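# Commentary on secondary and tertiary structure
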Amino acid sequence: MPEAPVVASVSGRWSAAKRDHARELFIEITDLPVADPRHKIIRDDLIEMHMPLVEHLARRYRDRGESQEDLVQVGMVGLIKAVDRFEVARGLEFSTFATPTILGEIKRHFRDHAWAVHIPRRLQERNVDINKAIDSLTRELQRPPTIAELAKRSELTDAEVLEAMDAGRAYTATSIDAASGSHAGGDSPYDRIGGDDLALEAFELRESFRPLLAALPERERQIIMLRFFKNQSQSQIAEQLGISQMHVSRLLATSLAQIREGMRDN
Amino acid sequence: MNPNNVGPLPQPSDVTLSFRAITANVALARTMAAALAARTHLTIDQIEDVRLAIDEAVSQLINDCDEQTHIHCDFTETAGTLLIRVGANTRTGLPPATDTFSWLVLAALVDEVTAGADNGIVQLELRIRRPASVTV
C-alpha cells in the first residue's frame, strides 16, 4: 500500500474539532509565562496530543534495524523542540512545522548510529533485542548476564546470541563524542572522568607506551585508562559513557591492536 | 609467575586448536575462546575480556614466531574455570616480559596469567573463573 503524505494522513485522522483545540492551546501558551503552572500543563498536552505524528514518522524507518521505541523516543525530542518553537501567529499547520524537525532527529540518530558494514536485518534486530536484554538482566542480576541467560530471556539459542553479538561488533555508534577534542562546554560524558596518569608512572615501558596512548582518540584513550589502569569492567565503562558494552569491547579491541602494532614498530 | 610453568595439563584438554603463526589466524582463536567461554557460563563481560586476552596472548607469540611455526591453543574447563593455554616454539624461546603494557593487559583481562618457557617452547596460561553468583 503506498504511503500517504504524512501531514495529510495525520491531520486527516484528526477531527476539525481536535485541530482547533490544538490551535487554541498554542494560542493560549504563546501568552503564558514559562513559570506559570498552566504553561507546563498545556505544553505536556500539546506534546502528548502530537505523539501519533512521531509514531507515524518513526514507522517509516521501521525496517532499518532500530527499535520502534528508540526511534519514537528520538523523534519525541524533535516534537518537543517543535512545540517550543512553534509560532501559531504565522498561520502554519503545526504538523507541517514539526515534521522536518522530528524527521531531522530521527535521521540524525541513523547518521550517528550507522551500521559500519552490511549486516542482515534479522541480525540487526536481534542485536537490538539482545542489547535490551543485557540492560534488563544486568539490573536484575546485579552483574552482567551469561550467554545462556541472555538466550533464555531472548528465546534464542546460545549460538544465535553469540552470532548476534558478533554482528553487534560491526555496529559503530559515533554519537557519543562526535566532536571529540573540540568540545569546551563540559557536557560530554568524558568530562566526568578525571584524567589520571599516576598509574602510568609506575609502568616501566611508559617511554614507548605514552606516545602510542596519546595517538588514540580521546574516547579510546579514556576507555584504555579506565579498563587497565582503573580496573573498571567493560559494563561499568559502558554505563559511565552511555554506550553499549559491545561497543566498549569493540573500541578496546581496536585500540589494543593499534598499540600492539605501535609497540612492534618501535 | 612461575617461570617453569610448562608441564602437563591437569586433565586432557576439551578442545585443541593449532594454526600457523600468522595474524589472520588470530580470529580463529578468538572465536573459539568466546564460544568456550560462553559454554563455561562466563558473563558477557568475561567473554569479551577473554576475546581481548587471547588476541593479546596469541599476537605476542606470533610476534616471536616464524610464519611456518604453529601456535597451539588448549582449552579446558574444570569446575567453572576456563583454562586457556597458548604455546609455540618461538624464535627467542623466552617467556614474555612482565613489565610491558601487553602483560598488564593480560593480567587485567583474566583472573590469572602465568608464562613459562621450556626448551624453546613458550607457553602462556590464562585462567578465567565463573562468578559464584552464576548458577548453572
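Right above here is the structure, for reference.
Residues and elements named next belong to chain A. Relative to the assigned elements, Arg126 resides in helix H7 (residues 121-141). Judged by relative accessible area, which is 15%, Arg126 ranks as buried. In contact with Arg126, not counting residues within four places along its chain, are Leu156, Glu160, Glu163 and Ala164.

Grouped together as the largest cluster of nonpolar side chains are 75 residues, with contacts concentrated most on Phe228 of chain A together with Ile71 and Ile84 of chain B. Element by element, the count of residues in this core is highest for helix H2 (residues 44-63) of chain B, at ten residues. When neighbours within four sequence positions are excluded, Ile71 of chain B is seen to be in contact with Leu17, Ser18, Phe19, Ala21, Leu61, Ile62, Cys65, Val86, Gly87 and Ala88 of chain B. Counting residues in each nonpolar core, the second largest holds 28 residues, with Ala22, Leu25, Ile47 and Ile102 of chain A among its members.

What follows covers the layout of surface pockets. By volume, the second largest pocket is sized at about 510 Å³. The wall of the second largest pocket is formed by 21 residues, among which Gln60, Asn63, Pro96, Thr100 and Ser102 of chain B lie closest to the centre. Sorting the residues of the lining of the second largest pocket by element identifies helix H14 (245-265) of chain A together with H2 and helix H3 (101-109) of chain B as the ones contributing at least two each. The leading source of residues in the lining of the second largest pocket is H14 of chain A, at five residues.

This next bit is on the packing of aromatic side chains. Considering all chains together, one arrives at eight aromatic pairs over all chains under this definition. Every member of this aromatic cluster is reached through a ring pair, and the members are Phe26, Phe86, Phe94 and Phe97 of chain A.

What follows concerns the interface of chain B and chain A. Counting residues at the interface gives 26 residues for chain B and 33 residues for chain A. In total, chain B and chain A occlude about 2,600 Å² of area from one another, counting both sides; carbon and sulfur atoms represent 61% of this. Considering only the side of chain B, the residues that lose the most area to chain A are Ile44, Asp45 and Phe101 of chain B, jointly responsible for 28% of the buried surface there. On inspection of chain B and its partner chain A, the count reaches three salt bridges. In this structure, Glu56 of chain B and Arg260 of chain A form a salt bridge, with 2.8 Å as the shortest nitrogen-oxygen distance. Joining chain B to chain A, the criterion identifies 13 residue pairs in polar contact (both at pLDDT 80 or more). When contributions to the side of chain B that touches chain A are tallied by element, the ones reaching two or more residues are helix H1 (26-39), H2 and H3 of chain B. In terms of residue count, the dominant contributor to the side of chain B that touches chain A is H2 of chain B (eleven residues).

How each quantity is defined
- Going along each chain's sequence as written, the residues are numbered from 1 onward.
- The naming scheme follows written order: chains are lettered A onward, ligands numbered 1 onward.
- With the structure being a predicted model, the display of local features is reserved for residues of pLDDT at least 70 and the display and counting of side-chain atom pairs for 80 or more, all residues being used for whole-chain, interface and lining totals.
- The basis for every side-chain value is the complete set of non-hydrogen atoms in the structure, without hydrogens or water.
- Runs of E in the DSSP output that reach at least two residues are strands. Runs of H or I that reach at least four are helices, and both are numbered from the N terminus.
- The classification of residues rests on relative accessible area computed with a 1.4 Å probe and restricted to protein chains. Under 20% of the type maximum is buried, over 50% is exposed, and intermediate values are partly exposed.
- Contacts are residue-level and defined by heavy atoms, with any inter-residue pair within 4.5 Å sufficient.
- The nonpolar core is taken to be a set of buried Ala, Val, Leu, Ile, Met, Phe, Trp, Tyr and Cys residues, with the residues joined through side-chain atoms within 4.5 Å.
- Residues are said to line a cavity or pocket when one of their atoms sits within 4 Å of a point; the points come from a 1 Å grid over protein atoms alone, cavities being sets where a 1.4 Å probe fits but cannot get out and pockets being open sets with protein on both sides within 12 Å along at least five of seven lines.
- Grid points are joined across faces, edges and corners, and a volume is the space filled by probe spheres set on the points.
- Each aromatic pair joins two rings of Phe, Tyr and Trp (for Trp, the six-membered one) with centres within 6.5 Å, and gets the label stacked for planes under 30 degrees apart, edge-to-face for over 60, and tilted for any other angle.
- Buried area counts how much accessible surface, traced with a 1.4 Å probe, disappears from two parts once they are put together, with both parts' losses summed.
- By salt bridge we mean one thing: a side-chain nitrogen of Lys or Arg within 4 Å of a carboxyl oxygen of Asp or Glu.
- Between N or O atoms, a polar contact is any pair within 3.5 Å; within protein, one atom must be a potential hydrogen donor and the other a potential acceptor, and residues adjacent in sequence are included only when both atoms are from side chains.

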